[in-house]
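Examination of the molecular architecture
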Amino acid sequence: MMAQDRTPSPPPLRQRWLEQLHEEPLDPELTICDPHHHLWERPESHYLLPELVADAESHNVVQTVFVECRSMYDRDRPEALRPVGETAFVHNIALQTADGQLRVAAGIVSHANLTLGSAVDEVLEEHTRTSANFRGIRHSAAWDASDALPFPRSSQGLLRDAKFREGFACLEKRGLTFDAWLYHPQLLELVDLARAFEGTTIVLDHVGGVLGLGPYAGKSEEIFEEWKRAMDELSSCPNVVVKLGGLTMPICGFGFHERDVPPGSEELAEALGPYYLFCIERFGPERCMFESNFPVDRASCAYGVLWNAFKRIAADFSAEERAALFHDTAARVYRL
């Protein structure tokens, strides 16, 4: 099996930059499931089990969910089945921690090309055979007309495509989740998909991909209001849950990665809190889960600092609500 680098890596992992700021964990006994991280080995960077464990040890992380990043595809197989190589790669990593205090990749979200229509069921079957930890699919729908955004475009209108929806219908039959990665102007397209497939759990990644580069730069207040209207509409879909994270990606426009010194948790909580608190208000803690999105978000802050920011944001919630936000919602949704 060989790595397949279709998706560009984030900026270098910047360990020395991150080490300029250290914070002790707040509420260190709080149990955490990190429901969104990646693992890869690429020529320009790697983030594998030692790096993840070193990050996770900064807090009481007991389980994680791996989400596809188009790494370690099996090029010896037909194109549709190549993503199964990533599942096999991550499954072997999961086995190394299966009996430990930290269970890495207790859930695996893989990729399958849903535009194959009903033929994608063969791919889903192969993922299922490859790992008992396989829980769902992510097929990126992120698209924008601007060339200023660094990630490859998906197809415009993918979520409404007839063949995509034919493939999407296969998920419910197998009890699989769908992780939705898109940009905030596309949120109403996801509303339409969620209402058409009420029996499939949809997990919205990174609070809907708020953009802050290119034509979106300098418009944070306007975009925040637009995003709130769309998220309010999406909250009416009971099959949708939200991952609270990802806003420290450079594409979101906060500029943390451009600092001489990385931000601390108080600053992060103040900047990101309005987005995450709005989601919790509309969706409820039982439909929200904090996520790291590491190592992508490592471009802007350290793992321990990020989870401290989440804890600050959730400080006024009850113990039961905090348990849901930091562990229980993720464990239930991904059947860990």
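Residues numbered from 1 in each chain as written. Predicted model: local features only at pLDDT ≥ 70, side-chain atom pairs only at ≥ 80, totals over all residues. Heavy atoms only, no water.

1. Brief notes about the overall build of the chain
Check the secondary structure of the chain and you find 10 helices and 10 strands. Considering only C-alpha atoms, the chain reaches an extent of 50 × 45 × 40 Å along its principal axes. Residues classed as buried in the chain amount to 60% of the 336 residues present. Across the chain, contacts joining residues at least 24 apart in sequence account for 81% of those joining residues at least 6 apart. Entry remark: accessible area of the chain is about 13,400 Å², with carbon and sulfur atoms responsible for 48%. Charge separation in the chain, taken as the distance between the mean sites of 32 positive and 51 negative side-chain charges, equals 4 Å. (Helix = DSSP H or I, 4+ residues; strand = E, 2+ residues; numbered from the N terminus. Buried < 20%, exposed > 50% of the residue type's maximum accessible area, 1.4 Å probe, protein only. Contact = heavy atoms within 4.5 Å. Areas by Shrake-Rupley, 256 points an atom, 1.4 Å probe, with all protein chains shown as cover. Lys, Arg positive; Asp, Glu negative; His and termini not counted. Charge placed at Lys NZ, Arg CZ, Asp CG, Glu CD.)

2. Considerations on the pairing of strand β4 (residues 61-67)
Within β4, seven of the seven residues are buried, which leaves the element mostly enclosed by the surrounding structure. For strand β1 (residues 32-37) and β4, the ladder comprises four bridges, and the chain directions are parallel. Directly across from Asp 34, in β4, lies its bridge partner Thr 64. The pairing of β4 with strand β5 (residues 103-110) spans four bridges and is classified as parallel. Across the sheet, Val 65 pairs through a bridge with Gly 107, a residue of β5. A crossover connection joins β4 to the parallel β5 through helix α3 (residues 84-95); in handedness this β-α-β unit is right-handed. (Pairing = 2+ DSSP bridges. Right-handed = clockwise from strand over helix to strand, strands pointing away.)

3. Focus on α3
When the terminal C-alpha atoms of α3 are compared, their 17 Å separation across 12 residues agrees well with the 16 Å that a helix rising 1.5 Å per residue should span. Burial within α3 is extensive, with 10 of its 12 residues counted as buried. What α3 keeps buried is the set Val 84, Gly 85, Glu 86, Thr 87, Ala 88, Phe 89, Val 90, His 91, Ile 93 and Ala 94. (Expected span 1.5 Å × (residues − 1).)

4. Observations regarding the side chain of Asn 239
Structurally, Asn 239 can be placed in the loop between α7 (220-234) and β9 (240-244). Asn 239 sits in the buried class, given a relative accessible area of 8%. In this structure the side chain of Asn 239 is engaged in a polar contact, spanning 3.1 Å, whose partner is the backbone oxygen of Thr 200. Residues within four places of Asn 239 in sequence aside, it is in contact with Ala 194, Phe 197, Glu 198, Thr 200, Thr 201 and Ile 202. (Polar contact = N/O pair within 3.5 Å; in protein donor to acceptor, adjacent residues only side chain to side chain.)

5. Structural notes on the pattern of salt bridges
Throughout the structure, instances matching the rule amount to 18 salt bridges. With a closest N to O distance of 2.6 Å, Arg 322 and Asp 27 form a salt bridge. Taken together, the residues span a long stretch of sequence, with Arg 322 in helix α10 (residues 319-333) and Asp 27 in the loop between α1 (15-18) and β1 at a distance of 295 residues. Relative accessible area serves as the criterion here: at 12%, Arg 322 is assigned to the buried category. Note that Lys 228 is salt-bridged to Glu 225, the shortest N-O span being 3.3 Å. With Lys 228 and Glu 225 both in helix α7, this residue pair falls three residues apart, about one helical turn. Judged by its relative accessible area of 37%, Glu 225 is partly exposed. (Salt bridge = Lys/Arg side-chain N within 4 Å of Asp/Glu carboxyl O.)

6. Details of the packing of aromatic side chains
Going through the model one piece at a time under the given rule, you end up with 19 aromatic pairs. For the pair Phe 290 and Phe 326, a centre-to-centre distance of 4.8 Å together with 40° between the ring planes defines the contact as tilted. Of this pair, Phe 290 sits in strand β10 (residues 288-290) while Phe 326 is found in helix α10, placing the two residues 36 residues apart along the sequence. A single burial state applies to Phe 290 and to Phe 326, both of which are buried. Ring geometry for Phe 294 against Tyr 303: centres 5.1 Å apart, planes inclined by 90°, an arrangement best described as edge-to-face. Taken as a pair, Phe 294 and Tyr 303 share a single burial class, namely buried. Positioned above the aromatic ring of Trp 40 is the side chain of Arg 42, whose terminal nitrogen or guanidinium carbon lies 4.3 Å from the ring centre. (Phe/Tyr/Trp six-rings, centres within 6.5 Å; stacked < 30°, edge-to-face > 60°. Lys NZ or Arg CZ within 6 Å of the ring centre and 35° of its normal.)

7. Remarks on the nonpolar core
Formed by 98 residues in total, the largest nonpolar core has its most connected members in Trp 227, Met 231, Leu 234, Leu 244, Tyr 276 and Phe 290. Per-element accounting of this core gives the leading share, nine residues, to helix α8 (residues 265-283). Once residues lying within four places of it in the same chain are set aside, the contact partners of Tyr 276 are Val 207, Leu 244, Gly 245, Gly 246, Leu 247, Phe 290, Phe 310 and Ile 313. (Core = buried A, V, L, I, M, F, W, Y, C linked by side-chain atoms within 4.5 Å.)

8. Side note on the sheet that holds strand β8 (residues 202-204)
The strand order across the open sheet built from eight strands is β1-β4-β5-β6-β7-β8-β9-β10, with neighbouring strands paired in parallel fashion. What marks the edges here is a single partner per strand, and that holds for β1 and β10. Within the sheet, the average angular offset between the axes of one strand and its neighbour, ignoring direction, is 30°. Note: β8 against β9, three bridges, orientation parallel. (Axes fitted to C-alpha atoms, helices over the stretch in contact; angles between N-to-C directions.)

9. Details of the packing of helix α6 (residues 187-196) against α7
As a packed pair, α6 and α7 sit with axes 9 Å apart at the nearest point and diverge in direction by 5°. Looking at the two axes, α6 sits roughly parallel to α7. Residues Leu 187, Leu 188, Leu 190, Val 191 and Arg 195 of α6 pack against Trp 227, Ala 230, Met 231, Glu 233 and Leu 234 of α7. Residue classes in the contact of α6 with α7 are distributed as eight nonpolar, no polar and two charged. (Parallel < 35°, antiparallel > 145°, perpendicular 65-115°, else oblique. Nonpolar A, V, L, I, M, F, W, Y, C, P; charged D, E, K, R; others polar.)

Keep in mind these values describe shape, not function.
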